[in-house]
Amino acid sequence: MRNLVVAEHDGTHLRSASLSCLTFAKMVASVTNSDVAWLVLGHGVEDVAAEAANYVPVIAVDSPALAHPLAEPFSQVIAYVARARRIDVLSAATSTFAKDILPRAAALLGGTMASDVVRHELVDGQLQCDCPQYAGAVTATLRLTGSPQIATVRASAYPAAQAMDSQAHAVEQLQVVPAMLTARAQYEGLKSKQKSRPDVTEARVVVSGGRALKNSQDFERLVGQLADVLGGAAGCSRALVDAGITPNELQVGQTGKIVAPELYVALGISGAVQHLAGMKNSRTIVAVNSDPEAPIFEVADYGLVGDVYTVVPELIEKLQYHAACATG
Amino acid sequence: MKILVPTKRVPDTDQKIVATADGTRVAVDHIPYVINPFDAIALEEAVRIGERLGESVEVVAVGIGGEGYEQQLRTALATGAHRAVHVVCGQTLDPWNVARLLRAIVEWERPQLVLMGKQAVDDDASQTGQFLAALLDWPQATFASRLELQGERIRVERETDHGIETLNLPLPAVVTTDLRLNEPRYASLAAIMKAKKKPLDLIDAEKLGVTIDPRIEVLRYRSAETQRRCERVRSVDELIERLRNQVGAIV
Ligand SMILES: Cc1cc2nc3c(=O)[nH]c(=O)nc-3n(C[C@H](O)[C@H](O)[C@H](O)COP(=O)(O)OP(=O)(O)OC[C@H]3O[C@@H](n4cnc5c(N)ncnc54)[C@H](O)[C@@H]3O)c2cc1C
Ligand SMILES: Nc1ncnc2c1ncn2[C@@H]1O[C@H](COP(=O)(O)O)[C@@H](O)[C@H]1O
C-alpha cells in the first residue's frame, strides 16, 4: 500500500496537524508493509519540503500557480501524483484546506472517501474507519470499497509523528504540465485577524467564551487574558462569531475547529451539541456558567456556577499571583 | 438565471441522537426531520438573490431519497423555491452517489449556480459539493459566508481556518454555504398554502441513467459516551486548587 500525505503548511513550516496525519499514514504503512511520502504543494516551498524530509520522503510541486490553496489546481495535481505513483491511501489532516481540496481530488480519482477519521483498522487491505457523525453523537465504522482510499484525519486523534534524527530523506521536485495548474477561480485575498495567540487546534490550553461575553473588549479582557495567563489559545462558540464579536477562525464545534487540549475552559457557553462536538474529547474540561442546569456541566470535570464577569477577573488575578510567587 | 439547491432531509440533530443497541442504525424513528440547516441557508440565499434580481431567477430545490422527502421539498417551496424535484431512490446513498445523481440533474436542468450546504449534519461528510464540482468540471467555492453576483461571475467570501478568503469565480459554479451567510426565514402560513400549488416533480433515480455504486458501507454505529462526573467547585480558590493538584494542568 502506497501512502501519500498532503502536507498543510503556512509557507514556512508544516502545520502540526499534518504530523498527526503522518502518524495515521505510517500506521497504515506498517501494517501493510509499504511506504509513505509527503506531497508538498505551494510556491517557494523549499523550507517546508526540507522540514518535511526529516520525516519521510517528499514529493514537492512548486509553482506560482500554487501560491494560494485553490481547489482546482491543487486537486488536479494531487490526483495526478496519486495516479502516477499508484497511491492506495491518500490523506490529509482535517481542516478547511483539506475539506475543500481532498474531496475534489477524490472525485477526480474516482476514489472512496472517509471524513474526519478518528480511528482506523485494515481488514483485507481495505480501510475501516471510525468517523464521528450527527455532531459527534454517534461514531460510524465505515468500510471503504474502491480505490484509492482517501481520508481526512482528525489531528487530535493521532499523536504527532516524530522527526528522525539521522539523515533527512530525499526531496523530489516534480514538474507538472501547465494545463494542470489552471484555475478558473481567482484568489482575491485573505482577511485574517492579526493573531498573537496560538491556534485553538495547536494549544495545550484553550479558553473559550460564549454568548455571556457581550462585546469584543470583554472577550479580550476576560477570555483573551485568561488564555494568556494559562499560556493557551482563545476560542469561542458560534454565538460570538454570529454576533460579530469574534472571527470565525476561533470557533470550536461541529462546524468549526475540533480541539482536544489538556485543558478546555468554557466560559458562558451553554453546551449545545454542536459546540460539544468540537471539545468534548479534551483531557480536562472546566465550565463556568451562571445557570446550574447548563448542559456544558454534563461534559465538564469541574464546574463553577457563577457570573463570568466576576469569576474570570478573580481567576486571572489569582493565577497571576500564583505565577509571580512561583517565579519569585 | 437558474439556481439549483440540493436539500437533504435529516433528523433534527438538536435532539438527542443515539445508536440502536445492536449498532445497526441510528435510532431516529422518534426524531422529527428537517431540511439540513446548511441547505436551508443555501435556499434562503437563492431566494434572496431572486428577490433582488426579479423574475429572471428560478430557484429549483432538489432532494434525493425515499418517501419522506416530499415534506422537506414542500417546505422548500414554501420558503420561496419556484419548483422542486424529488429524485426517488430507495437505496442507501453515500456522497459519491448523491453527487453522481446531482450531476445528472444538473445536466438536465442546466443551472448557472448550484448552491448547497457545506455539510449534511447527519453524516457530517462535507464531500458532496466538492465531488459534484469535480464531476461537472466546474469551479467551486466552499464554506461561503458572503456572496455577490457580478453578471457572469460570483464573488464569494469563504470561512477558512485562517480567516476569510475571497474568491471570484466564473459561472457556472458550485458554492457551498456556511452558517454565517444568512438567517433563514420561516415560511408564513400563506406561503405554505401557496406552496401546495407549486410544481413538485418526481423522477426515478434509474431514469437518470445512474446505477448506484456504493463506496461506503457502514459496518456499525456506536453512541459516543460523553458523560463525565462533574465536580462542582464553590469558589475560584477551589478551582485553582483542583487544577493544580489533581490535574496538573496549570503550574
Ligand atoms: C448546523 C449547525 C451547526 C452549528 N455549529 C456550531 C459550532 O460548530 N460551534 C458552536 O459553538 N455552535 C454551533 N452551532 C450553534 C449552537 O447550536 C449554539 O447555538 C451555540 O453553540 C450557542 O452558543 P453559546 O453557548 O455561546 O450561547 P447560548 O446557548 O446562548 O449560551 C450562553 C450561556 O451563557 C450563560 N451565561 C449568560 N450570561 C452569563 C454570565 N454573565 N456568566 C456566566 N454564564 C452566563 C447562559 O447560562 C448560557 O448557558 C451550530 C448550529 C447549527 C444549527
Ligand atoms: N440525499 C440528498 N439529497 C439532496 N442533497 C443532498 C443529499 N445528500 C447530500 N446532499 C447535499 O450535499 C451537501 C453536503 O452533504 P455531505 O457531503 O453528505 O456532508 C448537503 O448539504 C446537501 O446540499
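Cut-offs used in this document
Residues numbered from 1 in each chain as written. Chains lettered and ligands numbered in written order. Predicted model: local features only at pLDDT ≥ 70, side-chain atom pairs only at ≥ 80, totals over all residues. Heavy atoms only, no water. Near = heavy atom within 4 Å. Polar contact = N/O pair within 3.5 Å; in protein donor to acceptor, adjacent residues only side chain to side chain. Areas by Shrake-Rupley, 256 points an atom, 1.4 Å probe, with all protein chains shown as cover. Helix = DSSP H or I, 4+ residues; strand = E, 2+ residues; numbered from the N terminus. Axes fitted to C-alpha atoms, helices over the stretch in contact; angles between N-to-C directions. Left-handed = near helix turned anticlockwise from the far one by under 90°. Contact = heavy atoms within 4.5 Å. Pairing = 2+ DSSP bridges. 1 Å grid on protein atoms, 1.4 Å probe; cavity = no way out; pocket = protein on both sides within 12 Å on 5 of 7 lines; lining within 4 Å. Points joined across faces, edges and corners; volume = space filled by probe spheres on them. Nonpolar A, V, L, I, M, F, W, Y, C, P; charged D, E, K, R; others polar. Buried area = accessible area lost by both parts, 1.4 Å probe. Salt bridge = Lys/Arg side-chain N within 4 Å of Asp/Glu carboxyl O.

**Focus: the site of ligand 2**
Residues and elements named next belong to chain B.
Consideration 1: Of all residues adjacent to ligand 2, which total 20 residues, the nearest are Asp39, Ile64, Ala120, Ser126 and Thr128.
Consideration 2: In this structure, an oxygen atom belonging to ligand 2 sits 3.4 Å away from a main-chain N or O atom of Gly117.
Consideration 3: Between Ala125 and ligand 2, the recorded distance is 3.4 Å, taken from a backbone N or O atom to an oxygen atom.
Consideration 4: Relative to its free-state accessible area of 490 Å², ligand 2 is covered by the protein chains to the extent of 98%.
Consideration 5: Counting residues per element, the ones that place at least two in the shell around ligand 2 are strand 4 (58-65), helix 3 (95-109) and strand 6 (113-117).

**Examining the packing of helix 5 (residues 216-229) of chain A against helix 8 (residues 308-327) of chain A**
All names here are of chain A.
Consideration 1: The N-to-C vectors of helix 5 and helix 8 enclose an angle of 30°; their axes lie 10 Å apart at closest approach. The interaxial crossing formed by helix 5 with helix 8 has left-handed handedness. Residues Asp218, Arg221, Leu222, Gln225, Leu226 and Val229 of helix 5 touch helix 8, and the partners they reach there are Val308, Tyr309, Val312, Pro313, Leu315, Ile316, Leu319 and Gln320.

**Some thoughts on the sheet that holds strand 12 (residues 216-223) of chain B**
Consideration 1: Pairing is antiparallel across the open sheet formed by four strands, whose spatial order is 6(A)-7(A)-8(A)-12(B). The sheet terminates laterally at strand 6 (119-123) of chain A together with strand 12 of chain B, the two strands that pair on one side only. Averaged over all adjacent pairs, the angle separating strand axes in this sheet is 25°, with direction ignored.
Consideration 2: By the bridge criterion, seven bridges tie strand 8 (residues 138-144) of chain A to strand 12 of chain B in an arrangement that is antiparallel. Note on strand 12 of chain B: the bridge partner recorded for Ala140 of chain A is Tyr221 of chain B.
Consideration 3: Seen against the sheet, helix 1 (residues 16-32) of chain A touches strand 6 and strand 7 (126-133) of chain A and runs at an angle of roughly 20° to strand 6 of chain A.

**Here's the deal with empty space enclosed by the protein**
Consideration 1: All told, the structure shown has three cavities of 30 Å³ or more when counted by the stated rule.
Consideration 2: Taken together, Leu226, Leu230, Leu263, Val265, Val286, Leu315 and Leu319 of chain A together with Leu239 and Leu243 of chain B make up the lining of the largest cavity.
Consideration 3: Elements represented by at least two residues in the lining of the largest cavity include exactly strand 14 (263-267) and helix 8 of chain A together with helix 6 (236-247) of chain B.
Consideration 4: The class makeup of the residues in the lining of the largest cavity is nine nonpolar, no polar and no charged.

**A word on the interface of chain B and chain A**
Consideration 1: On the side of chain A, 84 residues touch chain B, which itself brings 79 residues to the contact.
Consideration 2: Summed over both sides, the interface of chain B with chain A buries roughly 7200 Å², with 51% coming from carbon and sulfur.
Consideration 3: When residues of chain B are sorted by the area they lose upon contact with chain A, Asp161, His162 and Arg228 of chain B head the list and together hold 11% of the total.
Consideration 4: Viewed at the interface, chain A and chain B are joined by eight salt bridges.
Consideration 5: Here Arg228 of chain B ties to Asp301 of chain A by a salt bridge, and the two come within 2.9 Å at their closest N and O atoms.
Consideration 6: Seen at the junction of chain B and chain A, the total is 46 residue pairs in polar contact (both at pLDDT 80 or more).
Consideration 7: Of all the elements in the fold, those that place two or more residues in the side of chain B that touches chain A are helix 4 (128-136), strand 7 (140-150), strand 8 (153-160), strand 9 (163-170), strand 12, strand 13 (231-233) and helix 6 of chain B.
Consideration 8: It is helix 6 of chain B that provides the largest number of residues to the side of chain B that touches chain A, a total of nine residues.
Consideration 9: When its residues are assigned to classes, the side of chain B that touches chain A shows 35 nonpolar, 17 polar and 27 charged.
Consideration 10: As paired strands, strand 11 (residues 186-191) of chain A and strand 9 of chain B are joined by five bridges and run antiparallel to one another.

The quantities given are spatial measurements derived from coordinates; they are silent on function.
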